[in-house]
Structure formats: C-alpha cells, structure tokens
Amino acid sequence: MRVGGMDCPSCAEQIERGLAGLEGLLAVHVDVVRGKVGIEYDARKLSPEDVASAIRRIGFPVESGEPDRTAFTVNEMDCAEEVRQIEEKLGNQSGVTNLKFDLLNRRVIVEGTVAASEIKRALEDLGMSAVADVGDPRSPTFWQRHGRLTMATVSGGFLATGLVLGWVGVVREVTVALLAASALAGGWFVAPRAWRAARHRALDMNFLMAIAAVGAAAIGEWAEGASVLFLYSVAQLLEVWSMDQARNAIQSLMDLSPTEATVKRNGREETVSPSDVRLEELIIVRPGQKIPLDGDVVAGGSAVNQAPITGESIPVDKAPGDQVFAGSINEHGVLEIRVTKHVEETTLARIIHAVEESQASRAPSQSFVDRFARVYTPAVVVLAGAIWLLPPVLGLGSWGVWFYRALAILVIACPCALVISTPVSVVSALTRAAREGVLAKGGLHLENTAGVTVIAFDKTGTLTEARPVVTDLVPLNDTTSEDLLRVAAALERNSEHALARAIITEADARGVESAGVSEFKALFGRGVQAIMDGKLVFLGNERLLDEHGLDQGAAEPLIRRFQSEGKTAIILFEQSGLLGVIGIADRVRPAAKACITSLRAHGIERILMLTGDNEGTARAVASNLGIDEYKSDLLPADKVNIVRRLERDGERVAFVGDGVNDAPALAAASVGIALGAAGTDVAIETADVALMGDDLAKLPFLIALSRNMLRVVKQNIVFSIVVKLVVLVLAITGWATLWMAVAADMGASILVVANGLKLLKSRNVPFIA
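Not measured: the values here are computed from a predicted model. (Residues numbered from 1 in each chain as written. Predicted model: local features only at pLDDT ≥ 70, side-chain atom pairs only at ≥ 80, totals over all residues. Heavy atoms only, no water.)

*Asks:* Tell me what's going on with the overall build of the protein, and back it up with residues and numbers.
*Replies:* Check the secondary structure of the protein and you find 27 helices and 30 strands. Every one of the 769 residues in the protein was classed for burial, and the buried ones make up 52%. In the protein, 68% of the contacts between residues at least 6 apart in sequence involve partners at least 24 apart. Carbon and sulfur atoms make up 55% of the accessible area of the protein, which totals about 33,700 Å². (Helix = DSSP H or I, 4+ residues; strand = E, 2+ residues; numbered from the N terminus. Buried < 20%, exposed > 50% of the residue type's maximum accessible area, 1.4 Å probe, protein only. Contact = heavy atoms within 4.5 Å. Areas by Shrake-Rupley, 256 points an atom, 1.4 Å probe, with all protein chains shown as cover.)

In structure tokens form, the structure reads like this:
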C-alpha cells in the first residue's frame, strides 16, 4: 500500500513500531524512497484494511488505488493443466485484477479487492483446496509426498498379478477383479481431475485417459484399460518428480540462508535469528560459517566464497570497507560486519524471490504449447468420435473394431509429453543459470536471449572497471619516477577526485611516501596547487599548463600519445619548468577481450560499444577489445535511440550495462543484461537478466545456455508431435493397440523430461552456433 508523508528513515521506524503489536502481522517492509509499505500477514487474523487503519492512527495517510495481494497454497496444482483451470476460473471472478502462479511452490497470488473466502470457494468448486499462505509453509503429509507413488505401485502390482493369472488360465472373474483394482488404483488421481474437466467443459489429458479406460472396460478389454491408467499414473508421477527436481534446486538456494546470527549487543555476543538483527548492528562471522546478512566489513580479514551469489569459483579476499553477501561462506579469519540490509532485502533473498517469480513469466514457446493444447484436446475427442462412427456407417468395418481404434487414438493423442516438454526445460535452464550466478527473470527472457543478433555494451563499469589506474610515469628534466610519484601523491592527498585516488593508490602500492604540503588549493576543472619544499608546485591538465604560459615542449608528444590511447594526461610542473607527465586510464576488464572473441566465434558478429566518454578514449578501448563499431559522447537518451533504431531494423538487441545509469537502454533492448548486480539492488529489479558478479565470462555462458534451452524445447516439441502422428496413423490403420499407444505416450514423456533435465544436470554448456 502507498503511504504519504514518509520522507526520512525515522518515519519508517515509527510505522514499524506502530504496527509491531498487530496480531497476525508477520513482517513489515517499509520503502521510504517509493513511499510504500509492504506487509506479510495471516489472512485468518488480519486484513490489509486493519493495517491501513493502524497506519492512519500513527499519523500517515494511506492512499488507495493499489490492489491487495493475497497468496494461497493449492496442493492440487501440480501441472500446467491445473494452472489453466484456475486461470479460467478466477480470471472471470469479480474483483480479481491480476493472477500470478508459482507452480514450483504450488502458490497462487491474487491481486484485487476480492475477499479470500470467495477465492477459496471458487477453487473448491474446481475440486481444489486453498490455504492462505502466511509465510510459514506446512510440511507436506505422507500422502501428499508419496500418494502418487503408492497408488502407482499398487496399480502395477494388481496389473502384473492379473496378467500373470490370466496367462496361466485362472478363472476370468478373478483376473477381471484384479485388473479392475489396478484400474481403480491407477485412476485414483486421474478420475477426480477428469470429472472436474468434464464439469467445467475444459477437456484435458485426464479426461482422455478416463474415457479410454472406461471404453476399454466396456468392450471387455480390462487388461488394456487397466494398463492405460497404470502407465498414465506413472507418467504423472514422472511429471511431478521432474517439477520436484526444479523445486529442490530452488530450495537449495533457500538453504543457503543461515538460521542464526551472532550479534554484538551491550558488550557481549548473542545468537539470534537473522530476522531479529537490526540495521547498523555488528555481527560476528567465524571461519566456516555462512554470512547471515548483507553488510560491510568493519574489522578482520578473510577469503569469502561468494559462489552461491555471484558464481565466482575462487574465494574473494575481504578487508574492512568491503561488501559481503548473505549466503556466502567465510573461509578463514573472523569478520566483524556492519549490517546494511534486513533479512528479506538481502541479495540472496532478492535472488530467491526473482527465481520464484520467473516461473510466472512464460516463454513464447510455452505459451504456444498451452494455446495449442487448448484447441488440440477437444479436436482429438471429435476426431476419435468420427473415427468410431463414420467408418461403420460407410460399411468399412464393425462398430467394435473402430471403437477400439478410437480409444487408441484418444490415448496416443493425449498431449502430456507436449505440455510438459517446455516447462521442464525452461525451469531447468532458469535454475542452472541461478546456480552459476546468472539471474534470468523468466523463460521469456532466456528465449529472447537465444535470438539475439546484436550485443551493445556500455563502456565504463561494464567493459572497463570504472576504476582509473596509473599506466605511465614519464619524468622530465632530471626528475626521477619516484620523485614524480612522491610529489604528485603529496599534492593529491587532500583531493577526492577519482584521478587523485589512482595516483595515491599507485604510490601506496610502490611504497612511496609522500611529503607534506602547505597552502593546498584546488583549481576547479584544471587541477591542484600547493607549496612543497618551499616551492609552488602544480598538478593538472593542459589548460592549467597554458594558464601559466609554459611551453609544453617535451610533454606535447606525450600528451598527444596518451590521448590517442584513451588515457588522461596529468602534468606536474613548477613555474621554472616541467617535472613530468602521468598517464591514467580506466582499466579494461581482464575477461572483456576473451568475452568479445568468444561471442564472435559463436555467431554474434555485430558487437557495439556505446559510451558517454570522449572519442579518443572510446576509440582506444574499442581497438583494444577488437570492437569495430562504437559510438562516443552519448547521453542516456542517445543510447536508447540507437537501440530502438536497431530494433526497428529487425535486429534483436541485448544491451549490457551496469544496471543503474543505463536503465533506459536496458529497458529498450530486447534483453537488458545488468553486470555486477550483486552489489546493485536496482539491477536485480530492472534488468531482464542480471550477472551477479563482475565476470563478463558469464555472458557467453548465458548465450550458450539460452540457445541450448531453445534447442531442447524445439527438440521436445517436434519429437512429441512426430511420435503422436506416427502412432496415430498406426492406430487408424489398425496396427497400433492400446498397449502401444500408452507405451508411446509414456515413453515420449520420459524422453522429453530427461532431455529437459539435462540442462539442469550437465556440467558444461557448449555453444550452439
């Protein structure tokens, strides 16, 4: 809900304290910048209206206009069919403005003014139970976890026994009873869904299987009817298992969050839940422990394994002033960390939330399959009916023969393998990417990435480190390199400029001690001056040199060379003459050139660099990296215009930036990719894909993974359709039995699931050119 009058952190504290006593309120998230208050609550004890009233009593106006959000856990929601039924049912419900589905966690998020009781009644009408999600998920019961496996096993046992006894010649009534028991167990989860589909005229695969089994029994083919339901129950078990694999992968991310934090309070250490730690408090993390919250190191030093967050394979050294992330592991040494984010706002929490939310973003291929299945299933029922009725009427065979063939058509036409082919592949790819430190906001963006034809890079902070370093020290007129650096560092000690920090860092790295200066003065836009060793010394650019009327002399060719190389020339001089020239440049990322080369080697021929920097610097960096096309002196709006022009020309553009100042271009591109998002909340929220570390090597990985995902999806769709068409023709011509139809359908399901899960399990992702 939007709250007016919040303009400082103390306002947030007032609201948090004022709401603390409300029964049923689980968590409060106050966003002062956007003027919003988010709440997690137990819908059985509290309503958003109660919270709004409490905020008004505190003294802040609550603005209307934003829909309420209520989350429900629906245990019966196991596959895309249930999602479709819920979407159709609730989509027409009065007061519902938006629906979001988290299939992995069986959650439905309803936005709007509709009451929770109405949502529950609507879902109960579908034969589903809805439980308000209060942030404390209940452990599934034995039946919820193992019910399908139990009934499939029972069905298989009865089926095998009935077939064996029938083969040895036991009385038919006994074998029929065993086969009927097998059908009952195999259809235990199928029949309710088939009935629900028939009631709501939303024919699905459960309906097809039920009709086929009942039809087989009606003509005395009990063995084949039972086998249909048994094998279909196995296929359903396989589908649920494949979703559990992806669900477990998401859970592994959640397991990275420590359950305890050691906080320093009142001069002693206390072990508390991370949710009880306040901002700015100090926490202690010892060797081998996970870091419980995001923060800044204030004391100690250690190597920290950040692989779960950024995908970096090598531990990163951390010292006072460095940022650390929740879920990373302290390798050695004790760290004292000042907390900068609440537990629900940590980078890890945002990653988990984004991965869960990504399930609601369907890839175009998945949307196509869903639309196809909606038309396909009723069409198959009509076709089967025509196959059963028309040939006998035309005198082409008996009713029994064509009825049996119609049943086989119903079975093989079941779109099970087709429907699960895409979501399993997409979820596997999304989870694999998250494990590698690449956060994609859904299958839609992965599929768009696979079709990218042009990649446009920002320069500063993306291709370069956005950290100027000293590259050249050229002393003049009998000055030594050490003297040049010593004097320059002494002059820059009082400056906060980025170029000054580069000089000081270089002096410190070389162990050069700077002397003291007096009468320091900053000269805006030109440099600095000070008295050192009784002499007035200047450090600055060409303009400062020209102001004092000194001939550039030997410095001129150096200055021109540095400019052609994209470097900044800093000149040290006295009134009597030049002392030397220092070259400073923004260092190119070590992996940048290899990244560009790898992208070109695998089909992305057009790579651009778009920068607001000057022509000389842009040309030098582009030449260094092998980028032929670049644009310099650009404003953010210019980058957007270039991206849009490329899109209008039919290109699919991926823009890679730092996630903050490049936000407009990120939004304009087909795929916006933010680099180094682990330290930038804005990047995680705005980019389509976020590379959690500063490693450009993740970009070729992303391209390869997205192409592999799309290839697997296409393989699965084509394979599913081809298998069905082949067996469909065999069924019509009388060559395929119900056994063959069921085996083909289940076999196709097994193969497409296994093919999709390869994206999750494979160690290496090769490029697909």
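*Asks:* Can you explain the nonpolar core? Please cite residues and give values.
*Replies:* The biggest cluster of nonpolar side chains holds 42 residues, and the ones touching the most others in it are Ile 455, Phe 457, Leu 599, Ile 673 and Leu 699. Considering each element in turn, this core owes the most residues, 9 residues, to helix α26 (residues 698-732). Setting aside residues no more than four positions away along its own chain, Leu 699 makes contact with Phe 457, Cys 595, Leu 599, Val 656, Ile 673 and Leu 691. Membership of the second largest hydrophobic core comes to 34 residues, among which are Ala 216, Ala 226, Leu 231 and Val 380. (Core = buried A, V, L, I, M, F, W, Y, C linked by side-chain atoms within 4.5 Å.)

*Asks:* How would you summarise the pairing of strand β12 (residues 295-299) if you had to cite specific residues and measurements?
*Replies:* Relative to strand β15 (residues 323-324), β12 is paired through 2 bridges, and the arrangement is antiparallel. Among the inter-strand pairings, Asp 296 is bridged to a residue of β15, identified as Gln 323. Here 4 bridges tie β12 to strand β17 (residues 335-339), and the two strands are oriented antiparallel to one another. Opposite Asp 296, over in β17, you have Arg 338 as the bridge partner. (Pairing = 2+ DSSP bridges.)

*Asks:* So what's going on with the pairing of strand β29 (residues 671-675)? Residues and values would help.
*Replies:* Within β29, 5 of the 5 residues are buried, which leaves it mostly tucked inside the rest of the structure. Covered by surrounding structure in β29 are Val 671, Ile 673 and Leu 675 together with Gly 672 and Ala 674, the residues of both alternating faces. Both strand β28 (residues 653-657) and β29 contribute to a ladder of 4 bridges, which runs parallel. Paired with Gly 657 across the strands is Ala 674, a residue of β29.

*Asks:* Give me the lowdown on the sheet that holds strand β9 (residues 261-265), citing residues and values where you can.
*Replies:* Across the sheet, 6 strands lie side by side as β10-β9-β11-β17-β12-β15; this open sheet has antiparallel pairing. Either end of the sheet is taken by a strand with one partner, and the two such strands are β10 (268-272) and β15.

*Asks:* Talk me through the sheet that holds strand β27 (residues 629-631); I want residue IDs and the actual numbers.
*Replies:* The strands that make up a sheet pair up through hydrogen bonds in the backbone, lying either parallel or antiparallel. Judged by pairing direction, the sheet is mixed, and its 7 strands sit side by side in the order β18-β30-β29-β28-β19-β26-β27 without closing on themselves. Looking at which strands have only one partner, the edges of the open sheet turn out to be β18 (438-440) and β27. Neighbour-to-neighbour, the strand axes of this sheet turn through a mean angle of 20°, independent of strand direction. For β29 and strand β30 (residues 689-691), the ladder comprises 3 bridges, and the chain directions are parallel. Each residue of the ladder has a partner; that of Ala 674, found in β30, is Ala 690. Contacts between helix α22 (residues 615-625) and the sheet are confined to β26 (606-610) and β27, with β27 contributing the most and set at about 155° to the helix. (Axes fitted to C-alpha atoms, helices over the stretch in contact; angles between N-to-C directions.)

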